[in-house]
Amino acid sequence: MKILFVTHSFNSLAQRLFCELTQRGHVLSIEFDISDSVTEEAVALFEPDLLIAPFLKRAIPESVWSQLPCFVVHPGIPGDRGPSALDWAILRGLNEWGVTVLQAEAEMDAGPIWASAIFPIATARKASLYRNQVTEAAVRAVLQAVDRFASGDFVPQRVPGEAHALMKQSDRAIDWLTDPAALVLAKLNAADGFPGVADELFGQPCHLFDAWPETTLTGLPGELICRRETAICRATVDGAVWIGHAKPVGGIKLPVTMAFPETLLLPEQPLADYWRSPTATWQDIAYEEAGGVGFLSFEFYNGAMSTAQCCRLKEAFLWAAKRPTKVIVLRGGSDFWSNGIHLNTIEAAESPADESWANINAIDDLAEAILRCETHMTVAAVGGNTGAGGCFLARAADFVWVRDGVMLNPHYKNMGNLFGSEFWTYLLPPRVGEDGAKAIMRHRLPMTASESVALGFYDACLPGQGFAVDVARRAAELASARDVDQRLAAKRAKRQADEAIKPLAAYRGVELQEMRRNFYGFDPSYHVARYHFVSRSPHSWTPRHLARHRDIDWKVSQ
Ligand code: COA
């Protein structure tokens, strides 16, 4: 079938559905929801059999849904209607929720239902729920809906329901003098990603994001107790919570210590035991050990890795490499493994060009530390979505094991034609060939976990269920294998041989020369693209590689 996606953005859910439907032989094209006339034009150009709206913020025009079946992916159970569906489900403390695929009609979310799927609410953070459980349920429901539509004999049913209101900031407001920590966490979690909870810090209005529990620190309700690295701890009536990110009014979302430099005057509260904490607290880098394996997690918000975070992670990695273990597993965070350099902290820097340069060097230093590690076998366990430099940073490990369902975006070009670094020019060609490396970089489209392994880019695609357990078992087997010392010796020999042919510094030098041009050169594309990305500017057009119906060459080839 020819399926047109009309979507607010090509977000991870839309990317996943795009890949799943393409793999099943459907022909897809994408148009961003810019205006009714643009959607009408896309329908006229592409002449689809079906329109799917994976992520919409406004209604599909009647001129379209009255002519063409339009499936809307609604993040709610059958009968649920209206905005803020996930926010209400989280704030009400529901254990289970769902995704419904319904046909667009005049009344929002009230059309006949083609399919639905339910999921347990395993995490309370809205953005995390959306990227994981909602996405998996949406894949099941959309595939079923498309099959039913194709069969031609399914009659979608209407379900009675009632629309809930848009959740307002007054519904989300935190009363620091009376709300217990669990309620504060629920309110912040229900707003995570977007829009955050409107609050104040140092008398200035802002939105708060990225809440973490705290079990030992206390203070007067509402008091800012302390900070740790980039987060602050604020007392509630019965304990405290950590806040990692804030967005001042008119500004961009930043680590809270950067958004509010006043927080740097708060007392620093380091973790009691280097990288380890026995109780729940804010901790963006965490280390644990089991079965001869060291597991290094880095829960960096949105997978973005600032200069300071890259430096600290390198420090943690080098420390882990001194432990009496044989394998280090780089686990990333629960939602993202890494999305490369931190575009928000770069945007907020006095000189974004200088900060871009510092950040790319810091992430390269980290990649180099992994590449030069002689004492351990290294594994990147990619359990969360990964983009741009993060995809190549993972490849610096000896093995990359990726969870089925993860979306990868191993290319830089979408960010103003960045050349990219992280040693991709060294790491990619031996795995996928020179032409393969160029194709990956040019492709600009998402890649599934299984595709990455089929291409030879990553090493193994492990089932989504039980990924962490599977990784731990495999890593323990690697650590206890009889030939682990021979493997380490072979790894050292290979690195020396490669170094003799062309030193790592030479690869890095060539990549960074190009990046220097991106950061400091005449063409401002990267700075413009970054500005729009961090400002979440609405799209004003759909890139040609997505809107294939606008590509004359593609149309001719059909
Ligand atoms: N720096 C800062 N923030 C980043 C980021 C980065 N490198 N990558 C993602 N984010 C943020 C987004 O701004 C968004 O923020 P929000 O909390 O305000 O919603 C959040 O992470 C989720 O990103 P989103 O684009 O909505 O997620 P997605 O899963 O739909 O798409 C990517 C994932 C990786 C395709 C997309 O985020 C992207 O292109 N990131 C930029 C990667 C990049 O170019 N890095 C620099 C070169 S190394």
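Here is what the cut-offs are and how they apply
The written sequence of each chain sets the order in which its residues are numbered from 1. Under the rules for a predicted model, residues below a pLDDT of 70 receive no local features and side-chain atom pairs below 80 are neither given nor counted, while totals for whole chains, interfaces and linings still include all residues. Derived side-chain values reflect all non-hydrogen atoms in the structure, with water molecules and hydrogen atoms excluded from consideration. We count a stretch as a helix when DSSP gives it H or I for four or more residues in a row; a strand needs E for two or more, and each element gets its number in order from the N terminus. One fewer than the residue count of a helix, multiplied by 1.5 Å, yields its expected span. Here's how the labels work: a residue is buried when its accessible area is under 20% of the maximum for its type, exposed when over 50%, partly exposed in between, all with a 1.4 Å probe on protein chains only. The criterion used for residue contact is that any of the two residues' heavy atoms lie within 4.5 Å. Reported domain spans reflect what an automatic or database domain assignment gives. Summed over both partners, the accessible area (1.4 Å probe) lost when two parts come together is defined as the buried area. By salt bridge we mean one thing: a side-chain nitrogen of Lys or Arg within 4 Å of a carboxyl oxygen of Asp or Glu. We call a residue near a molecule or strand whenever a single non-hydrogen atom of that residue lies within 4 Å of it. Residues adjacent in sequence count toward polar contacts only when both atoms are side-chain atoms; beyond that, a polar contact is any pair of N or O atoms within 3.5 Å, and within protein one must be able to donate a hydrogen and the other to accept it. When residues are sorted by character, Ala, Val, Leu, Ile, Met, Phe, Trp, Tyr, Cys and Pro go into the nonpolar class, Asp, Glu, Lys and Arg into the charged class, and all the rest, Gly among them, into the polar class. For this count, His and the chain ends are skipped, Lys and Arg are scored as positive, and Asp and Glu as negative. Strand pairing is assigned whenever DSSP detects at least two bridges linking the two strands. Here an angle of 0 to 180 degrees is reported between the N-to-C directions of two axes, which are lines fitted to C-alpha atoms, with helices fitted over the stretch in contact. The hand of a helix crossing depends on one turn: near helix anticlockwise from the far one by less than a right angle means left-handed, and clockwise means right-handed. Note on aromatic pairs: the rings of Phe, Tyr and Trp (six-membered ring only in Trp) are paired at centre separations within 6.5 Å, and the planes decide the class, stacked below 30 degrees, edge-to-face beyond 60, tilted for the rest.

1. A short note on helix α14 (residues 429–443)
Okay, step 1: For α14, built from 15 residues, the straight-helix expectation of 21 Å at 1.5 Å per residue is missed by more than 12%, its first-to-last C-alpha distance being only 16 Å.
Okay, step 2: Pro429, Val432, Gly436, Ala437, Ile440 and Met441 are the residues of α14 that are buried.
Okay, step 3: Buried residues belonging to α14 abut α12 (389–395), α13 (424–427) and β23 (447–448).
Okay, step 4: Residue Arg444 follows α14 closely and has a positive phi angle near 65°.

2. So, the domain arrangement of the protein chain
Okay, step 1: One can read the domain layout of the protein chain as domain 1 (2–158), domain 2 (176–265) and domain 3 (285–467 + 486–523).
Okay, step 2: If you look at the interface, domain 1 gives twelve residues, while domain 3 gives 15 residues.
Okay, step 3: Regarding the contact of domain 1 and domain 3, the summed buried area is about 1,000 Å², with carbon and sulfur atoms giving 49% of it.
Okay, step 4: Together, Gln15, Cys19 and Arg131 form the three largest contributors to the area buried by domain 1 at its contact with domain 3, with a combined 41%.
Okay, step 5: Taken together, domain 1 and domain 3 are joined by one salt bridge.
Okay, step 6: A salt bridge links Arg131 to Asp335; its shortest N-O distance comes to 3.1 Å.

3. Observations concerning the site of the ligand
Okay, step 1: Taken together, 23 residues lie near the ligand, and Ser12, Lys253, Asn302, Ile341 and Leu343 sit nearest.
Okay, step 2: Ser12 places a main-chain nitrogen or oxygen 2.8 Å from an oxygen atom of the ligand.
Okay, step 3: For the ligand, a nitrogen atom lies 3.5 Å from a polar atom in the side chain of Asn344.
Okay, step 4: Secondary structure elements with two or more residues in the shell around the ligand: α1 (12–23) and α10 (343–348).
Okay, step 5: Its residues assigned to classes, the shell around the ligand shows eight nonpolar, twelve polar and three charged.
Okay, step 6: Counting only domains with at least three residues in the shell around the ligand, you end up with domain 1 (2–158) and domain 3 (285–467 + 486–523).

4. Brief notes about the environment of Val27
Okay, step 1: If you trace the backbone, Val27 turns up in strand β2 (residues 27–32).
Okay, step 2: Look at Val27 and you get partly exposed, because its relative accessible area is 26%.
Okay, step 3: Separated by 87 residues in the primary sequence, Val27 and Trp114 have C-alpha atoms spaced 20 Å apart.
Okay, step 4: Val27 has contacts with Met1, Lys2, Ile3, Phe46, Trp554 and Gln558, leaving out every residue within four places of it along the chain.

5. Details of the side chain of Asp364
Okay, step 1: Note that Asp364 resides in helix α11 (residues 352–371).
Okay, step 2: For the buried Asp364, which has no salt bridge, the nearest side chain bearing the opposite charge is Arg508, at an N-O separation of 4.0 Å.
Okay, step 3: For Asp364, the side chain forms a polar contact with the main-chain nitrogen of Glu422, separated by 2.8 Å.
Okay, step 4: In contact with Asp364, not counting residues within four places along its chain, are Ser421, Glu422, Phe423, Arg508 and Leu512.

6. Let's talk about the sheet that holds strand β15 (residues 285–290)
Okay, step 1: In spatial order, the strands read β15-β16-β17-β19-β21-β24; together these six strands make up an open sheet with mixed pairing. Looking along the sheet, the strands with just one partner apiece sit at the ends: β15 and β24 (460–462). Along the sheet, successive strands turn relative to each other by an average axial angle of 20°, direction set aside.
Okay, step 2: Here β15 pairs with strand β16 (residues 293–298) via six bridges, running antiparallel. Looking at β16, one finds that Glu289 is bridged to Gly294.

7. Some points on the side chain of Arg228
Okay, step 1: Assignment of secondary structure puts Arg228 in strand β11 (residues 224–228).
Okay, step 2: With no salt bridge to any partner, buried Arg228 finds its closest opposite charge in Glu214, at an N-O distance of 5.0 Å.
Okay, step 3: In this view, Arg228 contacts Trp242, Glu268, Gln269, Pro270, Leu271, Thr281 and Trp282; residues no more than four positions away in its chain are not counted.

8. Some details on the packing of α1 against helix α5 (residues 126–151)
Okay, step 1: Packing of α1 against α5 brings their axes to within 10 Å, and their N-to-C directions diverge by 35°. Pair α1 / α5 crosses with right-handed handedness. Here α1 contributes Ser12, Leu13, Arg16, Leu17, Glu20 and Leu21 to the contact with α5, which in turn contributes Tyr130, Arg131, Thr135, Glu136, Ala138, Val139, Val142, Leu143 and Val146.
Okay, step 2: Within the contact of α1 with α5, the residues separate by chemical class into nine nonpolar, two polar and four charged.

9. Regarding the sheet that holds strand β22 (residues 407–409)
Okay, step 1: As summarised here, the arrangement of the four strands in space is β18-β20-β22-β23, forming an open sheet in which the pairing is mixed. Looking at which strands have only one partner, the edges of the open sheet turn out to be β18 (336–338) and β23.
Okay, step 2: Packing against the sheet, α1 makes contact with β20 (385–387), β22 and β23, and its axis sits at approximately 100° to β22.

10. A word on the environment of Ala42
Okay, step 1: Inspection of the secondary structure assignment puts Ala42 in helix α2 (residues 36–46).
Okay, step 2: Judged by relative accessible area, which is 0%, Ala42 ranks as buried.
Okay, step 3: Residues Ala42 and Glu31 lie eleven residues apart in sequence; the distance between their C-alpha atoms is 6.7 Å.
Okay, step 4: In contact with Ala42, not counting residues within four places along its chain, are Leu4, Glu31, Glu47, His549 and Arg550.

11. Re α1
Okay, step 1: Compared with the 16 Å implied by 1.5 Å per residue over twelve residues, the 16 Å span of α1 between its first and last C-alpha is a close match.
Okay, step 2: Burial within α1 is extensive, with ten of its twelve residues counted as buried.
Okay, step 3: Positioned one or two residues after α1, Gly25 has a phi angle of 90°, which is positive.

12. A few points about unusual backbone geometry
Okay, step 1: Note the cis peptide between Phe194 and Pro195, where omega equals 5°.
Okay, step 2: Tracing the chain through its elements places Pro195 in the loop between α7 (181–190) and β9 (197–201).

13. Comments concerning the packing of aromatic side chains
Okay, step 1: A full pass over the atoms with the stated rule returns 19 aromatic pairs.
Okay, step 2: For the pair Phe10 and Phe18, a centre-to-centre distance of 5.6 Å together with 85° between the ring planes defines the contact as edge-to-face. Of the two residues, Phe10 and Phe18, both sit in the buried class.
Okay, step 3: Considering the side-chain rings of Phe392 and Tyr412, the 5.3 Å spacing of their centres and the 20° angle between planes classify their relative orientation as stacked. Remark: Tyr412 occurs in the loop between β22 and α13 and Phe392 occurs in helix α12; sequence separation between them is 20 residues.
Okay, step 4: The exposure class of Phe392 is buried, given its relative accessible area of 0%.
Okay, step 5: With relative accessibility at 5%, the residue Tyr412 sits in the buried group.
Okay, step 6: Each member of the aromatic cluster is reached from another via a ring pair, and the members are Phe71, Trp114, Phe149 and Phe154.

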